[in-house]
Structure formats: C-alpha cells, structure tokens
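Chain and residue survey
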Amino acid sequence: DNLETLTKASEQAEILIIDHHQTPNEVKNKRVILYKAQSVFSGIQPARYCAAKLVYDLCSRITDLSDLDWVASIGIIGDVASPQWKDFLENVFKKYKIKTNKDDWFHTKMGRVASIINSLDCFGTQYVKKSFDTLYAAKSYKEILKSDLVKYEKIISKEISLWIKGVDKNAEIYPELELIYYEIKPKYHVKSAISTVLSFKYPGKTLIVVGMDELEEIVISGRRQDQKVKMNELMRYAVKDIPNSAAGGHIPASGATVPRKHYPEFKKRVMEYLRANKF
C-alpha cells in the first residue's frame, strides 16, 4: 500500500511481489513485478488463493516442486484457504499418510505445523527469521513438529484460549446486527488468531476483535466466514477520512489500524455500516 516505500526499495533492487490482496494503488515501476492471483486466475476468490499456493503453482510451471507440496498445504491451512483446495489437501495428506479432518483441517498434524508457524508471528516481527529459517531447512513437516518452535506455540495457544473463554462474558454482543465486538488487551499479537478462531465458532456472526494494548494506534481484526458481510468494505468504510488510518484484506477477513484518538469514530462507523447493510 505504501508506494513511497516501494519506490525507494526498488532503487536498491529489482522486486517481485507475489500476493493475493487488493491493491489500492496502481504500481507503475519497471523494477517491480506485482504478481496477483486475481490478475492471473479467474473463478477463484483471491482470499482463497493464498500466497503459498500461488507461489507453488507458479514455480511448478518451471520445475518439479512435488517434494514441497507439504509446504503449500501448511500455507493453505494457515491462511484458511482450505475450502478452495480440498482435493489438493486430500492428495497431500494421502501421500504422507496423514489422518485427515475435512471439517477442521487445523486439527491435523499439518494444521499443527501451521499453528506453530503462525504462533511465531504473534511474538513480533523479530521472530519471523527464526520461523523462516526453521521451515527452509526442514525436509518434512515432521521436523517442524520436533523443532524448538513448539514451545512458542504452546504459549500462544494458552493466550488465545484465555481470550476465547472470555468472549461470552466480556464481548459486546449485538444480536440484531449479528455482531460480536470484542475489545482485548493481550500479552502477544493474537488479535488475528482470536478473530479467526471465533469466526469458525460463530460462522454466522461478524467478528470484530480490537487490540486495546497499544498506546497510540489501535489494531483491529475482522472476520465473517459466511461472507454475508464484506469485511474489507466494512473496514474501509470505518476508516474513511480518518487521518493516519489504514484498512485492507478480503471479504471474509480484513484488518484496520486507527489512531487511538479516532477509535470512537471507527467503532461508530462499524455499527453504522452494519445497520445500513442488514441482510
């Protein structure tokens, strides 16, 4: 989204971006290649064409990557793209003799690996390299399950469970809007994970999880698994004309950031949007 940063980076190196999010700004730079799922493939929701599968499919046209199909599978499960790629996942699970759970891919061995990798993100960007290096060196998903990354996943799982258990008591529930609005102050960056877990627990609800832990900037994560509400449109509406704010994402999953002093306006607009777009 930040063209200025991208332009400065392109002065140092040629850049390839492989992504599946909407692009609010047109990129016109000969040193930047922007490869988007929605620009190349039709009939597949961009939200379901996660970058891991997109990279796998693209590079498979050049060389045989069948030994890395498990990596693509981890990305698919971790990015909640499994509804689009059930056949692919079933074949991979059969190949590696992994027990499947077609109704809940997260509760499988491959899903556990996705959870482990996602957990590192919750500790902060400084852990991304550790996660990448471990995955890059691994010859199979089993090595991730035996790695020291597991200890991070246990900590994050405990934190997520704590907030999930408190939703009925502490969240604001608006039945007429099919909305669960949950303000939290977690120890780690688990807002996205919590909103995803809750969205599967309440697939017919709009989930808004707000991190009230930061001093200057409020970070919001939104989900709606039945897609009756377009979360990316809701978020963009809620931050429109708010200075130093941002929003983006997909129909079922989106996020936003707003300065703390403007947060009441954001919350007001969420309610406003849902009341104006009743289904």
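Residues numbered from 1 in each chain as written. Predicted model: local features only at pLDDT ≥ 70, side-chain atom pairs only at ≥ 80, totals over all residues. Heavy atoms only, no water.

1. Here we look at the overall build of the chain
Going by this rule: Helix and strand definitions follow DSSP, with helices as H or I runs of at least four residues and strands as E runs of at least two, each counted in order from the N terminus. Only the C-alpha atoms count toward the radius of gyration. The rule for a globule is 2.2 Å times the residue count to the power 0.38. Only protein chains enter the accessibility calculation, which uses a 1.4 Å probe; a residue is then buried when its area is under 20% of its type maximum, exposed when over 50%, and partly exposed in between. Should any heavy atoms of two residues lie within 4.5 Å, those residues are counted as being in contact. Under the convention used here, a 1.4 Å probe and the Shrake-Rupley method define accessible areas, while residue burial counts only the protein chains that appear. For the charge count, each Lys or Arg is scored as positive and each Asp or Glu as negative, with His and the chain ends excluded. Note that the charge is assigned to NZ on lysines, CZ on arginines, CG on aspartates and CD on glutamates.
Secondary structure summary: the chain contains 13 helices and eight strands in total. Its C-alpha radius of gyration of 19 Å places the chain within 12% of the 19 Å reference for a compact globule of 279 residues. Over its C-alpha atoms, taken along the principal directions, the chain stretches across nearly 50 × 45 × 35 Å. By residue count, 43% of the 279 residues in the chain fall in the buried class. Across the chain, every contact between residues at least 6 apart in sequence was considered, and the portion connecting residues at least 24 apart equals 54%. Accessible surface computed for the chain: about 15,600 Å², of which carbon and sulfur atoms make up 53%. Computed over 44 positive and 35 negative side-chain charges, the separation of the two mean positions in the chain equals 4 Å.

2. Some points on the nonpolar core
Rules: By nonpolar core we mean a set of buried residues, namely Ala, Val, Leu, Ile, Met, Phe, Trp, Tyr and Cys, connected to one another through side-chain atoms within 4.5 Å.
Counting residues in hydrophobic clusters, the biggest one holds 49 residues, and the most contacted among them are M110, Y182, I194 and L198. Counting residues per element, this core draws most heavily on helix α6 (residues 109-123), at eight residues. Apart from residues lying up to four places away in sequence, L198 is in contact with I164, V167, Y182, L207 and V209. Counting 25 residues, the second-largest nonpolar core is a separate cluster that includes Y174, I218, I220 and V229.

3. Quick notes on helix α9 (residues 150-165)
This is how it is decided: Here the expected length of a helix is defined as 1.5 Å per residue gap, with one fewer gap than residues.
With 16 residues, α9 should reach 22 Å at 1.5 Å per residue; the first-to-last C-alpha distance of 23 Å fits that figure. Turning to α9, its buried residues number three or more, namely V150, Y152, E153, I156, E159, I160, W163 and I164. On its buried side, α9 packs onto α6, α7 (128-137), α8 (141-145), α10 (167-170), β4 (179-184) and α11 (191-201).

4. A short note on the pairing of strand β6 (residues 217-223)
Basically, it comes down to this: Strands are labelled as partners when DSSP assigns at least two bridges between them.
Of all seven residues in β6, five are buried, a share of seventy percent or more. For strand β5 (residues 206-211) and β6, the ladder comprises five bridges, and the chain directions are antiparallel. In the strand pairing of β6, L207 is matched with R223. If you look at the hairpin formed by β5 and β6, you'll find five residues sitting between the two strands. The pairing of β6 with strand β8 (residues 253-259) spans seven bridges and is antiparallel. Bridge pairing in β8 places R223 opposite A253.

5. Points about the packing of aromatic side chains
Note the cut-off: Ring pairs are drawn from Phe, Tyr and Trp, using the six-membered ring of Trp, whenever the two centres fall within 6.5 Å, and their geometry is named by plane angle: stacked under 30 degrees, edge-to-face over 60, tilted for the rest. When the NZ atom of lysine or the CZ atom of arginine is within 6 Å of a ring's centre and also within 35 degrees of its normal, the charge is said to sit over that ring.
Tallied over the entire structure, the rule returns twelve aromatic pairs. On the basis of an interplanar angle of 50° and a centroid distance of 5.6 Å, the ring pair of Y237 and Y273 is categorised as tilted. Here the residue Y237 occupies a position in helix α12 (residues 231-239), and Y273 occupies one in helix α13 (residues 263-276), the gap between them amounting to 36 residues. Residue Y237 is classed as partly exposed on the basis of its relative accessible area of 32%. Three or more aromatic residues joined by ring pairs form one cluster here, namely F123, Y127, Y152 and Y188. Over the face of the ring belonging to W85 we find K53, whose NZ or CZ atom lies 4.0 Å from the ring centre. Over the face of the ring belonging to F88 we find K53, whose NZ or CZ atom lies 4.7 Å from the ring centre.

6. Description of the environment of R48
With respect to the helices and strands, R48 occurs in the loop between α2 (37-40) and α3 (51-60). Sequence separation between R48 and V32 is 16 residues; the distance between their C-alpha atoms is 24 Å. With residues near it in sequence (within four places) discarded, R48 still touches V80, A81, P83, Q84, W85, Q225 and Q227.

7. Considering the environment of P243
Along the chain, P243 turns up in the loop between α12 and β7 (246-249). Since its relative accessible area comes to 42%, P243 is described here as partly exposed. Sequence separation of P243 and Y181 is 62 residues, and the distance between their C-alpha atoms is 23 Å. The contacts of P243, once residues within four sequence positions are left out, are P259 and H262.

Limitation: the analysis is restricted to geometry and does not speak to function.
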